[in-house]
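Results of the structural survey
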Amino acid sequence: MKKIHLEEVNSTNTYAKENIEKFDDKTIIYTDRQTAGRGRFTRKWVDLGSRNLYMTIILHPGEKFNENFSNLTQYLSVKTCKVLEEYGVKPQIKWPNDNLVNNKKISGILSEAVFRSGKLLGIVLGIGVNLNANLEDVKAIPDRIATSLNLETNKEINRDEFLDKLAKTFFEDYDNFLRNGFKQIKEEYKNYLVLLGEKITLQHLSQKVTGIFSSINDDGTITLLTEKGEEIFSIGDIL
Ligand code: BTN
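The text that follows walks through the structure, step by step, so that each part is easy to find. (Residues numbered from 1 in each chain as written. Predicted model: local features only at pLDDT ≥ 70, side-chain atom pairs only at ≥ 80, totals over all residues. Heavy atoms only, no water.)

1. A look at unusual backbone geometry
In this chain, Trp95 is followed by Pro96 through a cis amide linkage whose omega measures 0°. Relative to the assigned elements, Pro96 resides in the loop between strand 4 (91-94) and strand 5 (98-101). Even without glycine at this site, Asn154 takes up a positive phi of about 60°. Residue placement: Asn154 occurs in the loop between helix 4 (149-153) and helix 5 (159-180). Even without being glycine, Leu195 reaches a positive phi, approximately 75°. (Helix = DSSP H or I, 4+ residues; strand = E, 2+ residues; numbered from the N terminus.)

See below:
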């Protein structure tokens, strides 16, 4: 595993995508400042200053896309929970891969696959974790109620130490995960999962779907019990 530090970049994911062929498998790009950080569904990822984590893991898991690759965001969300626990907080996961503490979003994950001529060049798996932020800045984040690890622990967090713990935890089981997929982490994931069994509204593409969140399945998808019956979703955003 190699780490590359950039003082400033538009987005670690964009940079990793544009330069994917230059970097070996398991390279980590991280930065002090993102000028155009991106979130899921064309949202922005707000820069909260250089003591927060903005990093992208570059992966070259093979030339053919495998279903397990789409669960890497869920795998990373479980590993992020493990690291957050080391700081004495109680992390949760909101499907598919938002990490929460006290019901407030503390980190977000964005995975992008890069193809050329039908061949998978690699995957860029980006994560932003709010580690040291001001309450006013966190309150100004649009879309979600957010928090930061320093606000939850009343302690200054060492970004580089957090990054090293996360990288170590991520790669410990990574090769097995590529073989086994979501089933490998399902029970752990479920222990962190919020809203299971509750009535939720899912933004699915351009539609809003309301139903009971009845199960998390072996492939990481969810089942909602709606007025049409059981419906399975692999993407979306719980509102
Ligand atoms: C989300 O919650 O919508 C996903 C947010 C992902 C943010 C991270 S920060 C590092 C990497 N670079 C980006 O531009 N986005 C991801």
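Okay, back to it.
2. Overview of helix 2 (residues 72-86)
Taking 1.5 Å of rise per residue, 15 residues should cover 21 Å, and helix 2 covers 22 Å from first to last C-alpha, within 8% of that figure. Judged by how many residues are buried, helix 2 sits mostly within the fold: twelve of 15 residues are covered. Within the span of helix 2, buried status applies to Leu72, Thr73, Gln74, Tyr75, Leu76, Ser77, Val78, Lys79, Thr80, Cys81, Val83 and Leu84. (Expected span 1.5 Å × (residues − 1). Buried < 20%, exposed > 50% of the residue type's maximum accessible area, 1.4 Å probe, protein only.)

3. Concerning the pairing of strand 11 (residues 229-233)
Bridge analysis of strand 10 (residues 222-226) against strand 11 gives five bridges, and the strand direction is antiparallel. Looking at the pairing, Thr223 lines up with Ile232 of strand 11. Hairpin connection of strand 10 to strand 11: two residues between the antiparallel strands. (Pairing = 2+ DSSP bridges.)

4. So, empty space enclosed by the protein
Taken as a whole and judged by the stated rule, the model has one cavity of 30 Å³ or more. Of the pockets and cavities examined, the largest cavity occupies roughly 360 Å³. As for the largest cavity, its lining consists of 30 residues, of which Arg38, Gly39, Lys44, Trp45 and Gly108 are closest to the centre. Elements with a contribution of two residues or more to the lining of the largest cavity: helix 1 (12-18), strand 3 (53-59), strand 6 (104-116) and strand 7 (119-129). It is strand 6 that provides the largest number of residues to the lining of the largest cavity, a total of four residues. Across the lining of the largest cavity, the residue classes tally to eleven nonpolar, eleven polar and eight charged. (1 Å grid on protein atoms, 1.4 Å probe; cavity = no way out; pocket = protein on both sides within 12 Å on 5 of 7 lines; lining within 4 Å. Points joined across faces, edges and corners; volume = space filled by probe spheres on them. Nonpolar A, V, L, I, M, F, W, Y, C, P; charged D, E, K, R; others polar.)

5. Description of the nonpolar core
Grouped together as the largest cluster of nonpolar side chains are 52 residues, with contacts concentrated most on Met55, Leu59, Leu72, Trp95, Leu149, Phe162 and Phe170. For this core, the element with the most residues is helix 5, which contributes nine residues. Residues contacting Phe170, with those up to four places away along its chain left out, are Ile57, Leu59, Leu72, Tyr75, Leu76, Lys79 and Leu125. Grouped together as the second largest cluster of nonpolar side chains are ten residues, Ala16, Ile20, Phe23 and Ile58 included. (Core = buried A, V, L, I, M, F, W, Y, C linked by side-chain atoms within 4.5 Å. Contact = heavy atoms within 4.5 Å.)

6. Looking at the site of the ligand
Surrounding the ligand, one finds 20 residues, the nearest of these being Ser11, Gln34, Arg38, Arg40 and Lys105. Contacts to the ligand include Arg40, whose backbone N or O atom sits 2.6 Å from an oxygen atom. Within the contact set of the ligand, an oxygen atom lies 2.6 Å away from a side-chain nitrogen or oxygen of Lys105. Across the complex, the protein chains shield 99% of the 420 Å² of accessible surface that the ligand would expose by itself. If one sorts the elements of the shell around the ligand by residue count, strand 6 sits on top with four residues. (Near = heavy atom within 4 Å. Polar contact = N/O pair within 3.5 Å; in protein donor to acceptor, adjacent residues only side chain to side chain. Areas by Shrake-Rupley, 256 points an atom, 1.4 Å probe, with all protein chains shown as cover.)

7. What to know about the packing of helix 2 against helix 5
At a minimum axis distance of 9 Å, the contact between helix 2 and helix 5 shows a crossing angle of 140°. Put simply, helix 2 runs oblique to helix 5. Where helix 2 crosses over helix 5, the two elements pack in a sense that is right-handed. Together, Leu72, Tyr75, Leu76, Lys79, Thr80, Lys82, Val83, Leu84 and Glu86 of helix 2 and Phe162, Lys165, Leu166, Thr169, Phe170, Asp173, Tyr174, Phe177 and Leu178 of helix 5 make up the contact between the two elements. Counted by class, the contact of helix 2 with helix 5 contains eleven nonpolar, two polar and five charged residues. (Axes fitted to C-alpha atoms, helices over the stretch in contact; angles between N-to-C directions. Parallel < 35°, antiparallel > 145°, perpendicular 65-115°, else oblique. Left-handed = near helix turned anticlockwise from the far one by under 90°.)

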